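# Report on the structure
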Amino acid sequence: MLNSDTLRHQTVWICEKWSDEACDFAAKKLERSGITHVPAELREIQTPTRTLYVPRLMPIYEGIPSSVLREIVGEPEECAEIQGNLLLNEGIQRLQDMTMIATVVTNQTATNPWSNANAFTGVGDSNTAEAATQTELQAATNRFYKAQNATYPSRTNQTVSFQSDFTGTEANYAWAEWTISASATTASGAGFTTGTTNLNRKVASLGTKASGTWTLTAQITFS
Amino acid sequence: MARPRSEQPASVTYKALTYIHLPVIEVDKRPGDPVTAEELESAEQSQESIDAMVAAGTLGSEEDDIHHSHIIPDPSMPTIGSVVENSRRLIAQLEATGEEVPDELRVVAKLDYTALATGDEGKAGDANA
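Below is a summary of the structure that appears in this document.

Conventions used here
- As a convention, each chain's residues are numbered from 1 in the sequence order in which they are written.
- Chain A is the first chain written and ligand 1 is the first ligand written, with later ones labelled in order.
- Restriction of local features to residues with pLDDT of at least 70 applies here, the model being predicted, together with a cutoff of 80 or more for giving and counting side-chain atom pairs; totals for whole chains, interfaces and linings are based on all residues.
- As a rule here, side-chain values come from all non-hydrogen atoms in the structure, and water together with hydrogens is ignored.
- Here, nonpolar core means buried Ala, Val, Leu, Ile, Met, Phe, Trp, Tyr and Cys residues that are tied together by side-chain atoms lying within 4.5 Å of each other.
- Accessible area is worked out with a 1.4 Å probe on protein chains only. A residue is then buried under 20% of its type maximum, exposed over 50%, and partly exposed in between.
- Numbering of helices and strands runs from the N terminus; a helix is a DSSP stretch of H or I covering at least four residues, while a strand is a stretch of E covering at least two.
- In this analysis, two residues are considered to be in contact whenever any of their non-hydrogen atoms come within 4.5 Å of each other.
- One speaks of a salt bridge when a side-chain nitrogen belonging to Lys or Arg is within 4 Å of a carboxyl oxygen belonging to Asp or Glu.
- A strand pair is defined by DSSP finding two or more bridges across the two strands.
- Angles shown run from 0 to 180 degrees and are taken between the N-to-C directions of axes, each axis being a line fitted to C-alpha atoms and, for helices, limited to the stretch in contact.
- Each residue is assigned to one class: nonpolar for Ala, Val, Leu, Ile, Met, Phe, Trp, Tyr, Cys and Pro, charged for Asp, Glu, Lys and Arg, and polar for all the others, Gly among them.

All names here are of chain A. With 24 residues, the main nonpolar core has Trp175, Trp178, Leu206 and Leu216 as its most contacted residues. Looking at this core, the elements that each hand over two or more residues are strand S1 (9–18), strand S4 (78–83), strand S6 (119–124), strand S10 (159–166), strand S11 (177–188) and strand S13 (213–222). Tallying contributions element by element places S13 first for this core, with four residues. In contact with Leu216, not counting residues within four places along its chain, are Trp13, Ile14, Cys15, Thr121, Val123, Phe162, Gln163, Ser164, Phe166, Trp175, Trp178 and Leu206. Residues Ala22, Leu30, Val38 and Ala40 belong to the second largest nonpolar core, which totals 13 residues.

Okay, here's the thing in structure tokens:
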């Protein structure tokens, strides 16, 4: 009989919410200073010789990122903290492929990591229970994957943090499930609707976003 | 108004075919664990969600096997590579002794088990480009 050792992991999800009024206030203040665009998520630019990652310049009428809101408005009006998630098989396998195998064979991929340009935070409106064999958010239509904010994901000790801003018209529905994905496809606005390799999934109610900027942070700790 | 017990459908118990976490009641299920209809109801799972989990192979009945990804492989079990190599070695032995080599063995020996450079990378970047 096999002895079963335990790899412990815990995830804390933090959802910070700035209202539409807070975003309007920041936008007007920026406008008065002559600022019409602010840096948002990074985008990939291919030159003949290299790949560059530069922030997308987002018009202030489209949305205000959390970094700017924190500077102009201050702390979010509401902050929710929820613990837990289920690691999905495809995410566990990708972690193992990237760190523990000698040779890549069929159905293995030792690339495509959860890097800044390649990691996404996805949010959907399905409350179907978390299951390890799932490979996607379970919402049929209302799901949205957003790129990481600058400097994320980051690691401190054994904790890796992911963070994305959902601004203005993005993901305006009930937030009932969320995930971290490596790569995303099917463009939709400044994000995507399909996650490629999902690390984990959490089901809980974070409320219904109708406007403003909501920032979702996932802190994953292994021990 | 609640229906009399005699009119209610018989309680259904599913079998978890993978790791499941039930929201609201925050209960973990391991592959093979029973999942009762009452637990699913307490976890606020709609019939639509339950049907989706059954269709996806997350929940099954007692006779269903757990998902293959949760079966821990025996380290000594043969790999495709070792089977092909053994077939080639066996063919060499048979040919050396002048014995007939079955066609099935030659087919296995010709299998290409070379490691592949896979690339399932999704495309990220500027969605507005």
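Back to the text.
This brings us to the pattern of salt bridges. For side chains bearing opposite charge, pairing can occur when the charged atoms are close. All names here are of chain A. Applying the stated rule across the entire model yields 13 salt bridges over all chains. With a closest N to O distance of 3.0 Å, Arg56 and Glu62 form a salt bridge. Given the relative accessible area of 7%, Arg56 is considered buried. Connected through salt bridges with shared partners, the residues Glu41, Arg56, Glu62, Lys146 and Glu170 form a single ionic network.

What follows is about the environment of Leu69 of chain A. Residue and element names in this part refer to chain A. Within the fold, Leu69 resides in helix H2 (residues 66–72). The sequence separation of Leu69 and Asn116 amounts to 47 residues, and the corresponding C-alpha distance is 21 Å. Discounting chain neighbours no more than four positions away, the residues touching Leu69 are Trp18, Ala22, Cys23, Ala26, Ile64, Gly74 and Thr213.

So, about the sheet that holds S4 of chain A. Residues and elements named next belong to chain A. Sheet architecture is open: five strands sit in the order S4-S1-S13-S10-S9, paired in antiparallel fashion. Strand pairing shows two members of the sheet lacking a second neighbour, S4 and strand S9 (154–156), which therefore form its edges. On average, each strand axis in the sheet is tilted by 20° relative to the strand beside it, whichever way the strands run. Looking at chain direction, S9 and S10 are connected through three bridges and run antiparallel. When the sheet's bridge partners are listed, Ser154 is paired in S10 with Ser161.

The next thing to look at is the interface of chain B and chain A. Each partner contributes residues to the interface: chain B has 28 residues there, and chain A has 39 residues. Ionic pairing is found between Lys202 of chain A and Glu26 of chain B, a salt bridge with its closest N-O pair at 3.5 Å. Listing elements by their share of the side of chain B that touches chain A, those giving two or more residues are strand S2 (20–22) and helix H2 (47–55) of chain B. The element that contributes the greatest number of residues to the side of chain B that touches chain A is S2 of chain B, accounting for three residues. Residues of the side of chain B that touches chain A, tallied by class, amount to ten nonpolar, twelve polar and six charged. Two strands pair when backbone bridges link them, and strand S7 (residues 130–131) of chain A and S2 of chain B are joined in this way by two bridges, in the antiparallel orientation. In the sheet register, Ala131 of chain A faces S2 of chain B, and the bridge partner there is Ile20 of chain B.

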